[in-house]
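Secondary and tertiary structure notes
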Amino acid sequence: RMKEQIFTDMEAQGWTMARSLAHNAEYAVLVENKAILSQYLDAVAHESDVRYVVAVGSNRFLDHRGQLPDDWRVPDMGPQRDPSPHYREDCCEFSLPVFAMRRLDTEEEFLRKTPLRERVGSVHVGISLERIRARIRAVLLQALFFSCLAAALVGLAGAWWGYRILVLPFGRLREGLLRFSVGDLQYRLDERSGINEFSELAHSFNQMGADLAKAQEALQELNASLESRIQERTAALQDAGRQSQHRMEELARSNAELEQFAYIASHDLQEPLRMVSSFVQLLDEEFKGKLGPQADQYIHYAVDGAKRMRVMINDLLAYSRVGRSDKEAERVDLNTLLKSVELTLHDAIQRSGARIASTPLPTVNGYRRPLEQLLQNLIQNAIKYRSQSPPEIRIAAERKDGAWEVSVQDNGIGFDPKYADRIFQIFQRLQRGTMSEEKEGEGGSGIGLAIAKKVVELHGGRIWAQSEPGKGSTFFFTLWG
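Below you will find a few notes about this structure. (Residues numbered from 1 in each chain as written. Predicted model: local features only at pLDDT ≥ 70, side-chain atom pairs only at ≥ 80, totals over all residues. Heavy atoms only, no water.)

1. Some thoughts on the overall build of the protein chain
Scanning the protein chain from N- to C-terminus turns up 12 helices and 12 strands. Residue burial in the protein chain is summarised as follows: out of 481 residues, 33% are buried. Contacts in the protein chain between residues at least 24 apart in sequence constitute 66% of all its contacts with a sequence separation of at least 6. Put simply, the protein chain shows about 30,700 Å² of open surface, and 53% of that area lies on carbon and sulfur atoms. (Helix = DSSP H or I, 4+ residues; strand = E, 2+ residues; numbered from the N terminus. Buried < 20%, exposed > 50% of the residue type's maximum accessible area, 1.4 Å probe, protein only. Contact = heavy atoms within 4.5 Å. Areas by Shrake-Rupley, 256 points an atom, 1.4 Å probe, with all protein chains shown as cover.)

This is how it looks when you write it as structure tokens:
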């Protein structure tokens, strides 16, 4: 309401000045006498809230005082004599038309003739809104000051009363609580007080102190018992930890020795196996058809066994070499590795009629050669255990939980899901009835998926498979990107 009243007073003042100027300056505007007009303009411009004052004749701009807005134009007055004020961003303009008698030749004729009034110009008074707003702020600050002063006085009176009635008793209570916090449970409050509520509070405080003293004694006894039991349990855990650490060290040493043994054994067995295989092949070439059909069959079994033994030794050697490289991990583009694998398996892909499709694959942190072996083994597995239809292999990757989940899906013969863990064990192959018979010349040693698992675990990921008999298989593994 105070703001509205200030603006109402400002509008009343603006209209009063505009009407006074329009009335007093009739003759000066009519005859366009700037000397006379300047006196009236100066009188209005000296008012404290006036920003500018303008006088306009019938044909041209006459004179002004103050600072005009940059976009100021003579407004269209219309037919009304008292138009509404025109509010700008920083001022409010009051415009009135100036009416005078028809212009005559001399001042005496002007005074003697019968009045015939017509519009001869207009006057415009601009009131500064910044000063009005400053006045409003000053009034608001004054009101705020007195409100704060009154609130401060009331607060001081309330604080004094609270100090006398509440603070002192609660100060004693606070002192008692502080003593309780440092273990002095013998402190007691004076229960004699002029306020019944504080007397009851002091009584309750003293009762609490007595109860806490008893509880403290019981707690000390319990702590002593617990400390003894904790010491015993800590000693047992430390002994168990030492035993567990010893077992882990033994297991790591055993695994290292096992890998070293597999490497040495597979490597050292190459030469005697090569000798056995060579002599068996010589027997086959020298005596084939001379010793009878049964002898030929025995020699064929020996040659085939030597070949399978060579494959198993080579696979065992490859398995033992996984993770034995001294190279540092690097950024590996799986798209490039897939192209390299397709070139390596070109003959098998052409022979089986396999089609390989892939979505864009990620670049991961790892070891290039083991990752290439991983993709090669999974694609070989899909080609080897194909159905009657040509193999269709789809490779895709998806970001999950901060890692890349890569899938290799085929339309092969599939397997029973209960064997999903067994297929990743070394030298474990599913027999007839769980997978179809292996194609001629494509039998393996059952170590390809074991190598794949070892490669994935070397990179900190995991590998698993999903399948149904006759509906193909999907192998999943995770790598960190």
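Alright, that's what it looks like, and here's the rest.
2. Some words on unusual backbone geometry
Phi is positive for Asp401, which is not a glycine, with a value near 50°. The residue Asp401 is located in the loop between strand 9 (392-400) and strand 10 (403-409) in this model. In this structure Asp401 comes out as exposed when scored by relative accessible area, which is 79%.

3. Describing the side chain of Asp63
Position of Asp63 relative to the elements: it lies in strand 2 (residues 61-66). Taking the relative accessible area as the measure of exposure, Asp63 reaches 16% and is therefore buried. In this structure the side chain of Asp63 is engaged in a polar contact, spanning 3.0 Å, whose partner is the side chain of Arg65. Discounting chain neighbours no more than four positions away, the residues touching Asp63 are Leu37, Ser38, Leu41, Val53, Val54 and Ala55. (Polar contact = N/O pair within 3.5 Å; in protein donor to acceptor, adjacent residues only side chain to side chain.)

4. Structural notes on the state of the cysteines
Taken as a whole and assessed by the stated rule, the structure comprises 0 disulfides. With no disulfide of its own, Cys92 lies closest to Cys91 among cysteine sulfurs, the gap being 7.5 Å. (Disulfide = S-S within 2.5 Å.)

5. Some words on the pattern of salt bridges
Considering all chains together, one arrives at 7 salt bridges under this definition. The closest approach of N and O atoms between Arg355 and Glu392, which form a salt bridge, is 2.4 Å. A residue pair is termed long-range when its members are at least 10 positions apart, and Arg355 in strand 7 (residues 355-358) and Glu392 in strand 9 qualify at 37 residues. Owing to a relative accessible area of 30%, Glu392 belongs among the partly exposed residues under this scheme. The network of salt bridges with common partners includes Asp42, Asp63 and Arg65. (Salt bridge = Lys/Arg side-chain N within 4 Å of Asp/Glu carboxyl O.)

6. Describing the sheet that holds strand 10
Read from one edge of the open sheet, 5 strands run 7-9-10-12-11, paired in mixed fashion. Edge positions in the sheet fall to strand 7 and strand 11 (463-467), since each of these pairs with one other strand and no more. For this sheet the average axis-to-axis angle between neighbouring strands, irrespective of direction, equals 20°. Strand direction decides the pairing type here: strand 9 and strand 10, joined by 7 bridges, are antiparallel. Looking at the pairing, Lys400 lines up with Ala403 of strand 10. Lying over the sheet, helix 11 (residues 368-384) contacts strand 7, strand 9, strand 10 and strand 12 (473-479), oriented at roughly 170° with respect to strand 12. (Pairing = 2+ DSSP bridges. Axes fitted to C-alpha atoms, helices over the stretch in contact; angles between N-to-C directions.)

7. Focus on the packing of helix 11 against helix 12 (residues 448-458)
Following both chains from N to C, one finds helix 11 and helix 12 inclined at 145°, their axes separated by 9 Å at the closest point. Of the two possible hands of crossing, helix 11 and helix 12 adopt the one that is left-handed. Across from Pro370, Leu371, Gln373, Leu374, Asn377, Leu378 and Asn381 in helix 11, the residues of helix 12 making contact are Gly448, Leu449, Ile451, Ala452, Val455 and Val456. Broken down by class, the residue content of the contact of helix 11 with helix 12 amounts to 9 nonpolar, 4 polar and no charged. (Left-handed = near helix turned anticlockwise from the far one by under 90°. Nonpolar A, V, L, I, M, F, W, Y, C, P; charged D, E, K, R; others polar.)

8. Some thoughts on the nonpolar core
The biggest cluster of nonpolar side chains holds 38 residues, and the ones touching the most others in it are Leu371, Leu374, Leu378, Ile379, Ile395, Phe475 and Phe477. Elements that contribute at least two residues to this core include exactly helix 9 (334-344), helix 11, strand 9, strand 10, helix 12, strand 11 and strand 12. Setting aside its immediate chain neighbours within four residues, Phe475 contacts Leu378, Asn381, Val406, Ser407, Val408, Phe415, Ile423, Phe424, Leu449, Trp464 and Ala465. Trp15, Val29, Leu41 and Ile136 belong to the second largest nonpolar core, which has 30 residues in total. (Core = buried A, V, L, I, M, F, W, Y, C linked by side-chain atoms within 4.5 Å.)

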